[in-house]
Number of protein chains: 2
Amino acid sequence: MPQIMFLPEKKSCKAEEGMSLQDAAERAGVTLSFPCAGKGVCGKCIVKVESGSVEFNDNGKIRAGLKKQGFVLACRSKVREDVVILNSSLGDERGQFADALSHMSVDEDLFPGPDDIEPLTSAVTFTVDPPVQGDGLGDRDRFLNAAGEIFKDLPVELPLSVLQRLPDTLRERDGEVSVWHIEKSGVTHIVDVESGKPDRSLGVAIDIGTTTVAIRLVDIDTARAIDTITQYNAQIDRGADVISRISYAKNQERIHEMRSLVLSTINKGISELREKNGKIEARSLRNVAISANTTMTQMFLGINPNYIRLEPYTPAVMGVPLYTAGELGLEVNPCAHVWIAPNVGSYVGGDITAGLLCTDFASGTGDVCLFIDIGTNGEIVLGNDDFLMGCACSAGPAFEGGGIERGMRASAGAIDRLEVDPATGKCRYFVIGGGEPRGICGSGLISLLSQMFEAGIIDQRGKMDKSGKFEPVLALRKNSRFYITERREGYDAGVYVTENDIDNFIRAKAAIFSACLTMLKNVGLSFDDVIKFYIAGGFGRYIEIERAQSLGLLPPLDKEKFLYIGNSSLTGSFMSLLSARHRKKKLELANRITYVDLSVEAGYMDEYVAAMFIPHTNLDMFQRRTVLNAVCN
Amino acid sequence: MPQIMFLPEKKSCKAEEGMSLQDAAERAGVTLSFPCAGKGVCGKCIVKVESGSVEFNDNGKIRAGLKKQGFVLACRSKVREDVVILNSSLGDERGQFADALSHMSVDEDLFPGPDDIEPLTSAVTFTVDPPVQGDGLGDRDRFLNAAGEIFKDLPVELPLSVLQRLPDTLRERDGEVSVWHIEKSGVTHIVDVESGKPDRSLGVAIDIGTTTVAIRLVDIDTARAIDTITQYNAQIDRGADVISRISYAKNQERIHEMRSLVLSTINKGISELREKNGKIEARSLRNVAISANTTMTQMFLGINPNYIRLEPYTPAVMGVPLYTAGELGLEVNPCAHVWIAPNVGSYVGGDITAGLLCTDFASGTGDVCLFIDIGTNGEIVLGNDDFLMGCACSAGPAFEGGGIERGMRASAGAIDRLEVDPATGKCRYFVIGGGEPRGICGSGLISLLSQMFEAGIIDQRGKMDKSGKFEPVLALRKNSRFYITERREGYDAGVYVTENDIDNFIRAKAAIFSACLTMLKNVGLSFDDVIKFYIAGGFGRYIEIERAQSLGLLPPLDKEKFLYIGNSSLTGSFMSLLSARHRKKKLELANRITYVDLSVEAGYMDEYVAAMFIPHTNLDMFQRRTVLNAVCN
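Rules behind the numbers
- Residues numbered from 1 in each chain as written.
- Chains lettered and ligands numbered in written order.
- Predicted model: local features only at pLDDT ≥ 70, side-chain atom pairs only at ≥ 80, totals over all residues.
- Helix = DSSP H or I, 4+ residues; strand = E, 2+ residues; numbered from the N terminus.
- Rg over C-alpha atoms; globule rule 2.2 N^0.38 Å.
- Buried ≥ 20, exposed ≤ 12 C-beta atoms within 10 Å, placed from the backbone.
- Least-squares fit on C-alpha atoms with pLDDT ≥ 70 in both.
- Axes fitted to C-alpha atoms, helices over the stretch in contact; angles between N-to-C directions.
- Parallel < 35°, antiparallel > 145°, perpendicular 65-115°, else oblique.
- Contact = placed C-beta atoms within 7 Å.
- Nonpolar A, V, L, I, M, F, W, Y, C, P; charged D, E, K, R; others polar.
- Pairing = 2+ DSSP bridges.
- Domains from an automatic or database assignment.
- pLDDT = per-residue confidence, 0-100.
- Core = buried A, V, L, I, M, F, W, Y, C linked by C-beta atoms within 7 Å.
- Expected span 1.5 Å × (residues − 1).
- Arc of directions from axis to C-beta.

Observations concerning the overall build of chain A
A count of helices and strands for chain A gives 17 helices and 29 strands. For 633 residues, the compact-globule estimate of 2.2 N^0.38 gives 26 Å, and chain A sits close to it at 27 Å. Its C-alpha atoms put chain A at 100 × 70 × 45 Å along the principal axes. Per-residue burial for chain A yields a buried fraction of 53% across its 633 residues.

Structure, rendered in C-alpha cells:
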C-alpha cells in the first residue's frame, strides 16, 4: 500500500490505492479544511505534492500555474503511489475568538436581577431519620419519607446514579443532606444528593454555532460569568454552512458522527473550563442551558436533519423537552436537566429566540425593532408589541471568509481594517495579531469594498476599473484582481480580492438587505419606522456601520439606532440558565414569532435583484451624501 | 519481570516481583476459583508449580504430601522468578445446570391466565397527521398531538433515543405508528415507536443467584417461555457467598467491578438467547423482570452493599423503583423499564418474594405453609392468610459443595447418588455425565451420610467407626476419612468425605432445621401444623426426601406435603414479566412479610445446638422407624 506523509505535521499513514487524500489525511490524523464537504468547489483543501504524484481530477478550481507547481485539492486527489504532501491549510485559528465573543453590549436592565435567580435545578437541605433495625425501611424509604414532607408528596424520582451514592451520603453527616431537584410534569426529579450543606451552584451556558461553540461557566447564586471559552465547532470540516452539513449527514452513521463531533467540542470546552477554574468536578455542574440554530440543535440531539431541507421543511423539534445530560452525552452532572432554546422554524432556531432576550422586542414600548444575526446564515426578526416575524436568508459564508478566494475568519493573520489611497488604490492594512497577512476577513472586506467604491475602483456592479489608473488592479480576461498586499507569484500570491469575490459579497449583502426590506413591506413599514436595529453575531464586533451602509448592507439610518449585541445567543443562554422568567419569555417569544419563508414570499426575488448593486438600484433610499459625511468625520 | 505461564491454557503474562499468582492469573486471562475471595481458607485455588518456584506462604491448608509435589494456593503465592503453573481447577461446569433449573413443578393455576397478560410495556397503534408547511409544528408536536388523544392528555415523556428515530419513523408508513409505552407517576413514558403495526412482544425474566444467573426469553402475548439459559454468575471468583462478596466490594472500584461482572453475565446470556432464537434485535426486548437476593440486587444496581452486614443492617432498597435498561446497563431496548422484585430485609430478598408467587401462601385456604429456598443461604417463609414471617440462616455452601474437601456443584463429574453396602461400607456411585468422579455434590452427600448413619459407619455426632469394621474408613488422628472411590495417593486422591466435612454438613442442616422450628415455635405451631412444605432452589431437583429426613435436614412429615418448585425465583420473575396482577401480589407479599432476625431471636441458638445431632437430640420428633420404612420401599 502506498505510504502518505503529511508535512509539516510529519504524520503518515498507509493508504489503499485509490483512496482520496482527504480520507488519507483523516487516517493520518491531519486536519485539513473541507468547508464544502469535499465537493471540490471551495478550494480550501489545497495541498502541495512535494514528492511522488497523485491522480488529481482537476475541476478548474486551481489555476494552471498553481497546478504546475504541484498544488492539488485533497478532496479530488487519489492515492496511487508513495507521496509527500505539504499541508497548506491555515492551522488552528482559535484563541482570537474568545475575546470577540465575550464582548457584549446588552442593556443591563435586560439581565436577570437578584430576584430572578431561579435555575432549573436548585438545592434544599433537610435531615433524614436514622436507620432503625427491623423497621422494614431501606435507605431509599427513609429518604423518600423525609423528601415527601419537603416536596409536598409529589412523586419523587431518584435516578440510579443518585441512589448508588445514597447509603454513604445518608451516613456521612447523620442524615443531613442537600438535595438538588427539579419539578417536571408534576414529578420531583432528584438531580443530586450531597451530605451536609450544598456546595456552590454552578452551571454552563452554551451557544452552538455552525462555526464556533461558546461555553460560559457561571456561578448561579451570584449570576456571575466565571469564564468563557470559544472553540471551532469540530463539525466544521464536514461543511461550512448548515446545508452542506445536512447533505453530509445523509445516513445514521454520519448523523452519529456529527453528533459526536459537536459533543466532543462541547465536552472539551467544559473540561477546560473546569480545569482552569479550580478543578471543578463535573458532578458540580448541575444546570445547563443551550441555544443553537435548528440544524445545530437537531445535530446535537442526534436527530436526522434532512427533513429540514425537504418539503414541507418540518423540523423534528420546535420546543425541546428537558433531557438529562447523561442522555445527551454532556460531561456534567449526568442527572442535570438541560434547557435547550426553542426553535421557530427550519431556519430560525433557538439561537434567535435566545438572542431576542438581549433586545427590547415586545417590551411594551410599542417601538418597531429589527434584529439581524449575521453568521453563515442571516436571521432577521421584525416586530413590536403587536407582532413578531422571523425569517432567514442564506447570506452564504462571505462574511466569515467563505466563497472569497483569499477570505478567512476574523482570526490571527486576517486583514480586518484598511485604508485605500483614493488616488492610487494602494492599501495600508491592519493584521489581526500582527505579522504577515494570510487573508482578509468579513470586516476587512467591508472596509475595502466601501473605499474601493468611493474611489471609483469598482462600479455599482462591483466591476473593476481596468484602465490602468489603479496599480493594484490586475486586469484579467475573467475575474480580475485587486491586490491589497504586494503582488507575488506562486501559491503564496499575496492577499487580493477578485471580481468573483466581490460578486459573492454583493449577493450576501443583497440577501440580507432585501430580506429586511421584504419583511418591512410585508407589514407596510419602511426602514424609517425602525426605532432599534440590533446587530448580533461575532461579525458585529468588527463591522463599521457607515461603511456597511455605503455598500448597502445596512440601511441609511441614524448611527444611534444601531445596537451591537455581540453573541446574543450565548448571552440569551446565560440569562436562561439563571432565570425562570427569562426561560418563560423565550418560550413566549418563540410561540409569537411568525415564521416567514422568503422563498415563497412575493416580491423577495425582485427586492433581491434590486439590491444587487452598490449600494442599491434605488439610490433615493440611500442618502449617500449623509453617509459619506459620517464616514469623513 | 518474571514470566508466568499457565497450563493447560498456555496463557502467559509478565508479573512484577511479589505479585500474587491470583493477580497474575487474572492478568493472563486464566480463570481460577476463589470462593473465599483470596483469604486462603477454602483451598480451591490450588495449582501445581511445574517448573521454577514461587514464594508460598503455607497456612496448613495443603497437606505436606501435596506441597512436596509442588502444589500451592494461588492466593497465597508470590511470584519471584519465571514459573510454569498447572491450573488444576475444574474448568467450565456449565451446561448441566440448564436442564436442572428449567425444571419446574409449580401448580398450573398459579401462572398468569390469558386475561392476566399485562406487561409493563405494551403497544398501541395510531396515525399521526402529516407535516404541513408553515403550521409551526415540528415532528414531535405532531406526534404529541396524536398521542394526547390516546393517552388522555397525561404528560408524555419521549426519550431522546426515540425522538432521534421519530422523523424517519413518522414518514415510513404515512404516519401510522405503534407506540410502546408505560404509565408511571401519572406520566406516560414512551419506550419505543415503530412504523406500522407492532412487532412481537418479547421480554426476558432473570434470576440473579449468588452462584448462577438464569435468563428466560419470553413471548409475552402467548405467555410462552421461548428459551432459558443458565450461567455462572461471573462474580463467583470474588467469593462463594454473599458475605464474602460484600467483604470484597469494600470500595467504589470494587462495587463497580462487581456490578460489571454480573452485568456481563446477564448481557452475555441475553445476547446468546437473541442469537439462538432467530437473531432477535436487542431493541425488540421491551420488558424485563428481575429477581435476586438483597445483596445481589444491590450489586446489580451498583449500590454499596456493606450496610447490609453492619448494624442496624439496613439495605439501600426494599421496593425497587422502575429504572430503564439504559440506566441499568442491560443490553435490551434502552428505554425498557425494568421490574425488580422487592426485598423484605437484608437477607430475605426479591428472589423470595418472587418465589412465593409459585406457592399457595396467603391464597385464602387458611393452610399454614412453609417455604425454604436452599442455596448458599437458606431462606424460610412461614405463614397462612393471617401472617407471614421470613428469615434467613447462613447454611453455608455445604449443599453446593463448598466447605467440603472433595465437594463440588451438581455438575459434570459429581457423584450425586450412591449405594453404601451396610456390611462393608463399600460404595457404588453415580456420576453426573458419567466418567471418572471428580467430587461429590450436595445431593450425593445427603445420600451418602444418610446411609453411613443407617449402617452405623457414623454416629449421631458424625464421628466415624474407626474399629476397622468398615474398610473405606481411613482412621487418622484428626479428621478421619471415608473413601467413596478407591483410595489413591497424591493430589488426585480419589473422592472421600472427612469428619470435618460431615461436621460442616451437620451445621448446615442444623441451621435450616432449627430456623424452621424457631419460626414455628415463635407463633405457637409445630411441624404437624404445616400443610404444605415448599422446597425451592437448584438443590431441590436432586434431594431425596426420606434421606434428608433421616439426617434431620427435613422434618418427618408425610412425603406428600413436600412440594418441589425448582428455581421459583426465575418462575416468579417470569410471572411478573407477564402480569400486573402478579406484580401487585408480589408487592403485597413483600409488605406483609415480617422479617425475623434469627441472631436476636430468643431460643434460636438452643434449637441450633439441639439440631447438631443426626437426626436430632430430640428423637421423639423424628419418627425414625417410619422414615426407615419409607427408605426401604
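More follows now that the structure is in view.
Some remarks on the relation of the copies chain B and chain A
Each copy of the sequence occupies a distinct position, and chain B is placed on chain A by a rotation of 180° and an axial shift of 0.1 Å, giving an RMSD of 0.1 Å. What we have between these two chains is a two-fold relation.

Notes on the packing of helix α4 (residues 139-150) of chain B against helix α5 (residues 160-172) of chain B
The geometry of a pair of packed helices is captured by two quantities: the angle between their axes and the separation between those axes. Residues and elements named next belong to chain B. Two numbers describe how α4 lies on α5: the axes approach to 10 Å, and their chain directions differ by 80°. The angle between the axes of α4 and α5 places the two elements in the roughly perpendicular class. Across the interface between the two elements, D139, R140 and F143 of α4 pack against L163, L166, P167 and L170 of α5. Classifying every residue of the contact of α4 with α5 by side-chain character gives five nonpolar, no polar and two charged.

Describing the sheet that holds strand β17 (residues 337-340) of chain B
Paired through their backbone hydrogen bonds, the strands of a sheet run either parallel or antiparallel. Residue and element names in this part refer to chain B. Strand order in this open sheet of six strands is β14-β13-β12-β15-β17-β16, and the pairing throughout is mixed. Bordering the open sheet on either side are β14 (224-232) and β16 (323-324), each of which pairs with just one other strand. Taken together, the three bridges between strand β15 (residues 285-292) and β17 define a ladder with parallel strand orientation. Bridge pairing links V288 to V338 in β17. Each of β12 (202-208), β13 (212-219), β14, β15 and β17 is contacted by helix α14 (residues 568-578), which is oriented at about 150° to β12, the strand it contacts most.

Structural notes on the domain arrangement of chain A
Residues and elements named next belong to chain A. When its domains are assigned, chain A resolves into domain 1 (3-87), domain 2 (120-195), domain 3 (202-340) and domain 4 (359-633). Across the boundary between the two partners, domain 1 contributes five residues, which contact seven residues of domain 3. In terms of residue class, the side of domain 1 that touches domain 3 is built from four nonpolar, one polar and no charged.

A look at the interface of chain B and chain A
As a measure of interface size, the accessible area lost when the parts come together is often cited. With 40 residues of chain B in contact, the opposing surface of chain A contributes 40 residues. Those elements that provide at least two residues to the side of chain B that touches chain A are α4, α5 and α9 (325-328) of chain B. Of all the elements, α5 of chain B adds the most residues to the side of chain B that touches chain A, at six residues.

Considerations on the confidence of the model for chain A
Across chain A, the average pLDDT comes to 88, with 92% of residues at 70 or higher. The ipTM, which scores confidence in the relative placement of chains, is 0.81 for this predicted complex, and the corresponding pTM is 0.81.

A look at the environment of N233 of chain A
Residue and element names in this part refer to chain A. Within the element layout of this structure, N233 appears in the loop between β14 (224-232) and α6 (242-248). Separated by 60 residues in sequence, N233 and R173 have C-alpha atoms that sit 44 Å apart. When residues no more than four places from it in sequence are discounted, the contact partners of N233 are I208, G209, T210, T211, T212, V213, V262 and T265.

Details of the pairing of strand β21 (residues 414-420) of chain B
Side-chain direction in a regular strand flips from residue to residue, so the side chains alternate between the two faces of the sheet. All names here are of chain B. Both β21 and strand β23 (residues 439-440) contribute to a ladder of two bridges, which runs parallel. If you follow I415 over to β23, its bridge partner there is I440. Connecting the antiparallel pair β21 and strand β22 (residues 427-431) is a turn made up of six residues, with G425 showing a positive phi of about 85°.

Quick look at the packing of helix α14 (residues 568-578) of chain A against helix α15 (residues 580-592) of chain A
All names here are of chain A. The geometry of α14 relative to α15 is characterised by a closest axis approach of 5 Å and an angle of 125° between their N-to-C directions. Accordingly, the angle class assigned to the pair α14 and α15 is oblique. Residues G572, M575 and S576 of α14 form the contact with α15, whose participating residues are H582, R583 and K586. Here the contact of α14 with α15 is composed, by residue class, of one nonpolar, three polar and two charged.

Some words on the nonpolar core
Membership of the largest hydrophobic core comes to 372 residues, with the highest contact counts inside it found for V288 and I512 of chain A together with V288 and I512 of chain B. Setting aside residues no more than four positions away along its own chain, V288 of chain A makes contact with G203, V204, I206, A325, L330, V332, A336, V338 and W339 of chain A.

Some points on helix α8 (residues 294-301) of chain B
All names here are of chain B. Of all eight residues that make up α8, eight are buried, and the element is covered over most of its length. Within the span of α8, buried status applies to T294, T295, M296, T297, Q298, M299, F300 and L301. Trailing α8 by a residue or two, G302 shows a phi angle of about 80°, which is positive.

Looking at the sheet that holds strand β26 (residues 496-498) of chain A
Residue and element names in this part refer to chain A. Strand order in the open sheet formed by three strands is β24-β25-β26, with antiparallel pairing between adjacent strands. Single-partner strands in this sheet number two, and they are β24 (473-474) and β26. As paired strands, strand β25 (residues 481-483) and β26 are joined by three bridges and run antiparallel to one another. Counterpart to R481 in the pairing with β26 is T498.

What about unusual backbone geometry?
A cis amide bond, omega 0°, links E311 of chain B with the succeeding residue P312 of chain B. Relative to the helices and strands, P312 of chain B resides in the loop between α8 and β16. Cis geometry marks the peptide bond from I614 of chain B to P615 of chain B; its omega dihedral reads -15°. Non-glycine residue S185 of chain A carries a positive phi angle of around 50°. Positive phi is not limited to glycine here, since Y313 of chain A has a value of about 60°. Tracing the chain through its elements places Y313 of chain A in the loop between α8 (294-301) and β16 (323-324). Looking at Y313 of chain A, the number of C-beta atoms within 10 Å reads 17, which means it is partly exposed.

Describing the pairing of strand β27 (residues 530-536) of chain B
Residue and element names in this part refer to chain B. Relative to β27, strand β18 (residues 368-374) is paired through six bridges, and the arrangement is parallel. Note on β27: the bridge partner recorded for V368 is V530. In this structure, β27 lies alongside strand β28 (residues 562-566), joined through four bridges in parallel fashion. Note on β28: the bridge partner recorded for I535 is Y564.

Observations concerning helix α15 (residues 580-592) of chain B
Residue and element names in this part refer to chain B. Along its 13 residues, α15 runs 18 Å from first to last C-alpha, staying within 8% of the 18 Å computed at 1.5 Å per residue. Buried residues of α15: H582, R583, K585, K586, L589 and A590, and no others. Buried residues along α15 cover an arc of 160° about the axis, so they all sit on one side. Its buried side turned inward, α15 meets β17, α10 (350-355), β20 (388-393), α14 and β29 (593-595).

Description of the environment of E16 of chain A
Residues and elements named next belong to chain A. Structurally, E16 can be placed in the loop between β2 (11-14) and α1 (21-28). What makes E16 exposed here is the crowd of 11 C-beta atoms within 10 Å. When the C-alpha atoms of E16 and P2 are compared, they prove to be 6.7 Å apart, with 14 residues separating the residues in sequence.

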